[in-house]
Number of protein chains: 2
Amino acid sequence: MDPKSSHAPTSDDDRSRSRVATLQQVARLARVSTATVSRVLNNSPRVREETRRRVLRAVRQLHYLPNYHARLLAGAKTRTLGMIVSNIENPFFLDIFCATEARAQQAGYEVVVENTNYDRQRLLESVRSMLARRVAGLAIIVSEIDPQLFEELSQQNLPVVFYDVGRPGPNMTNIRVRYEKGMQRVLEYLYALGHRRMAFVGHHASLSPLQERRRTFLQMVRRYPDVEHVTVTQADGPAGGRAAMNQLLAMGFRPTAVVCVNDFMAIGVLRELRDRGIQVPEEVSVTGFDNIALAEFLNPSLTTLNIPRRRIGHMVFELLTAPPEHLSMGQEIVIEPELVVRESTGPAPQRAL
Amino acid sequence: MDPKSSHAPTSDDDRSRSRVATLQQVARLARVSTATVSRVLNNSPRVREETRRRVLRAVRQLHYLPNYHARLLAGAKTRTLGMIVSNIENPFFLDIFCATEARAQQAGYEVVVENTNYDRQRLLESVRSMLARRVAGLAIIVSEIDPQLFEELSQQNLPVVFYDVGRPGPNMTNIRVRYEKGMQRVLEYLYALGHRRMAFVGHHASLSPLQERRRTFLQMVRRYPDVEHVTVTQADGPAGGRAAMNQLLAMGFRPTAVVCVNDFMAIGVLRELRDRGIQVPEEVSVTGFDNIALAEFLNPSLTTLNIPRRRIGHMVFELLTAPPEHLSMGQEIVIEPELVVRESTGPAPQRAL
DNA sequence: CGAATTTTTGAGAGCGCTCTCACGCTCTCG
DNA sequence: CGAGAGCGTGAGAGCGCTCTCAAAAATTCG
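Visitor: For this particular structure, what's the right way to read the interface of chain B and chain A?
Guide: Size of an interface: often given as the accessible area lost when the parts come together. Between chain B and chain A, the residue contacts involve 50 residues of the former and 50 residues of the latter. Taking both partners together, chain B and chain A bury about 4,900 Å²; carbon and sulfur atoms supply 54% of that area. Where chain B touches chain A, the interface holds 8 salt bridges. Put simply, Glu-110 of chain A and Arg-133 of chain B hold a salt bridge, and the shortest N to O gap is 3.0 Å. Counting across the interface, chain B meets chain A through 22 residue pairs in polar contact (both at pLDDT 80 or more). Looking at the side of chain B that touches chain A, the elements that each hand over two or more residues are α4 (68-73), α5 (91-106), β2 (110-115), α6 (120-132), α10 (238-250) and α11 (263-275) of chain B. Counted by class, the side of chain B that touches chain A contains 22 nonpolar, 12 polar and 16 charged residues.

This is the structure:
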């Protein structure tokens, strides 16, 4: 607006400069020092009641709001945690985030999330951004991973929690889900029901942890020499699941059981089967993984493996905020998935179609 | 650890102090001034190639990462946007966030979200926290609202976008969905199908914008004097929807159509009906609002009103980052929901049960 | 009532960075 | 060959806050 709004110091009258008030201005208005204002804002008890009131009045009058960055820079301790997830649209990740957030909120912390979309590059960027923010702790709940990451992270003196992809180290905790155990349970269960033609629906084959899951499926299924099997891979999510089921059928493979890498994809598998008039579970059984809240609302409701996301979320918070000596040596927390049987699975059909 | 780690300047040897390197240290190692390091880090072209390399080597050697807070404090412009939502677990909000985030990411911005859980107090806290962070723009996508908010916000010279609950003003844009238009369409549609006993499933009766929706339903339905109707209220989400349907039936009211305030709740309504063996849409029709991605994956798939969340998300980004003169006067963007007919609705049953 | 405490307050030094100036250096050109 | 133009660089002043240290004010007590 003002063409001659120069950068010259406006001396006394600096109202016009920055739109927001500073501690300095509050102090001036309240006729006290900045130290005193700071004390009031931080609830230091060593302030006379009358002074406190005077300061608070000035704060209100100027619509003062402390500058978070200045505060941190000046030495206040952060109460911000960072969390990086692969796909926040997948309820699995979202639930963990929400659980951590709830705990954090309660304890006066904040948590900022970033989404990588299963992109290694973005993971690196996100980590750097979190470090630049000087978060008090960082949770890395992703499926992609980069060896470089460990190096960068171990340099920092920062509590880090990994999910699945990490390895314990100084200040680093890893939460590991015994995926193979879960897979084994599913396969045993399906085999016992008579299934001998199985498909695995996965996503993002290029990422090693996800690759791993596919491998686990293959490994486990080979224990049953009489089981035919096939694996397909699509994008994470219902649409990907649907595409996967489509692809499977297009290949001419007609499984009696479809094992999905997670519930989110299973939603799409279920949908595609219904579209084609294939009955679940009468003709095809479907399983997921995670036990997202939605699983029991689906029609048919989904047989899956439970992963205690709420517990994990809380654990993440505990680990990130624990006094450093508690976790300086690094540890690994192991979680066993439990089979939750619902409507989407049943005995294999008597005769092949 | 070191009991005598005093605050005395450690002169040359300050490696032991802060764990992370500073610009200063990088400058020292590279034998240049801090200004030059800053120039290199900010890709200023006016640096000799050799100097740049020397600096970058020092950066790598020290594992240097700029301190975001110091950077901002020193005058760099923020590339962080804030978004506050009522319930991030509701795909409606999540989709808007993701759409905004995607655009932001692309343009080199970040967006930090906060979740209020429909809590007025938390909304206020979140807004303050965002202001303290000095975000470049703030999107308030919530259903609760506080008159005090407008005052606080209009004080700041900050682009703000409201969804539904705002009113245009200086630097403030409001995105308004013509809810009543949507409701009208649904009711016309259902009426034409012969429905004469309808229920409305809402949530959070205490919040005026949500109250408003219930009121809109009542208002619209009264245009049809021969339609019996009832409204119930539960928590947002599938579980709430289920409880609502349960409550409805427990009241002895047997609707032929259930109009849900959003898709998220409709999921639960569908589930409860199926549990009770009530056929959808043969015996009861169900509608949602929002057209979340899941709607078409449900069984039966959900008739709903589309709200272009992706478009809204992009719009939010545009509005928050537009040059100030473009929106200094405030505007209101109006969105018309469109009916999307799927499987969950059909003609009213011939005779009452 | 003055000394000894205790409580309340202020001055000022940073925190780690950006940015403005001004300076030195290398070129160009009259 | 000297003046002027550019480029590359360094010095240093903040940004808005917290915190230490010491001084000032209030309170207590012999």
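Visitor: Explain helix α6 (residues 120-132) of chain A here, please?
Guide: Since the α-helix turns once every 3.6 residues, residues separated by three or four places project in the same direction. Residues and elements named next belong to chain A. For α6, with 13 residues, the first-to-last C-alpha span of 18 Å sits near the 18 Å given by 1.5 Å per residue. Those residues of α6 lying buried are Arg-122, Leu-123, Leu-124, Ser-126, Val-127, Ser-129, Met-130, Leu-131 and Ala-132. The N-cap residue of α6 is Asp-119: its side-chain oxygen and the backbone nitrogen of Gln-121 are 2.7 Å apart. In the segment just after α6, Arg-134 is the residue with positive phi, at about 55°.

Visitor: Sorry if this is basic, but what is going on with the protein's contact with DNA strand C here?
Guide: The full set close to DNA strand C counts 25 residues, and Ser-33, Arg-46 and Thr-51 of chain A together with Leu-23 and Tyr-64 of chain B are the nearest of them. The sugar-phosphate share of atoms of DNA strand C within 4 Å of the protein amounts to 64%. Between a phosphate oxygen of DNA strand C and a side-chain N or O atom of Ser-38 of chain B, the distance comes to 2.8 Å. Between DNA strand C and Asn-42 of chain B there is a distance of 3.3 Å, counted from a phosphate oxygen to a side-chain nitrogen or oxygen. Going through the elements one at a time, α2 (34-41) of chain A together with α2 (34-41) and α4 of chain B are the ones with two or more residues in the surface near DNA strand C. The leading source of residues in the surface near DNA strand C is α2 of chain A, at 4 residues. Along the lines of polarity and charge, the residues of the surface near DNA strand C split into 11 nonpolar, 8 polar and 6 charged.

Visitor: Help me understand the pattern of salt bridges, please; the structure alone is not making it clear to me.
Guide: As a working rule, side chains carrying opposite charge can pair if their charged atoms are close by. Evaluation of the coordinates by the stated rule reveals 45 salt bridges over all chains. Arg-213 of chain A is the partner of Asp-164 of chain A in a salt bridge, and the nearest nitrogen-oxygen pair spans 3.4 Å. Here Arg-213 of chain A lies in helix α9 (residues 208-221) and Asp-164 of chain A lies in the loop between β4 (160-163) and β5 (172-177), a separation of 49 residues in the sequence. Each member of the salt-bridge network shares a partner with another, and the members are Arg-242, Arg-271, Glu-272, Asp-275 and Arg-276 of chain A together with Glu-296 of chain B.

Visitor: Sorry, what's going on with the sheet that holds strand β3 (residues 137-141) of chain B here?
Guide: Hydrogen bonds between backbone groups are what pair the strands of a sheet, and the pairing can be parallel or antiparallel. All names here are of chain B. Across the sheet, which stays open at both edges, the 6 strands sit in the order β2-β1-β3-β4-β5-β11 with parallel pairing between neighbours. This sheet does not close on itself; its edge strands, each paired only once, are β2 and β11 (331-335). Across the sheet, the mean angle separating the axes of adjacent strands is 15° when strand polarity is ignored. Pairing of β3 with strand β4 (residues 160-163) involves 3 bridges; the strand directions are parallel. If you follow Ala-139 over to β4, its bridge partner there is Val-161.

The rules behind the values
- Residues numbered from 1 in each chain as written.
- Chains lettered and ligands numbered in written order.
- Predicted model: local features only at pLDDT ≥ 70, side-chain atom pairs only at ≥ 80, totals over all residues.
- Heavy atoms only, no water.
- Contact = heavy atoms within 4.5 Å.
- Buried area = accessible area lost by both parts, 1.4 Å probe.
- Salt bridge = Lys/Arg side-chain N within 4 Å of Asp/Glu carboxyl O.
- Polar contact = N/O pair within 3.5 Å; in protein donor to acceptor, adjacent residues only side chain to side chain.
- Helix = DSSP H or I, 4+ residues; strand = E, 2+ residues; numbered from the N terminus.
- Nonpolar A, V, L, I, M, F, W, Y, C, P; charged D, E, K, R; others polar.
- Expected span 1.5 Å × (residues − 1).
- Buried < 20%, exposed > 50% of the residue type's maximum accessible area, 1.4 Å probe, protein only.
- Near = heavy atom within 4 Å.
- Pairing = 2+ DSSP bridges.
- Axes fitted to C-alpha atoms, helices over the stretch in contact; angles between N-to-C directions.

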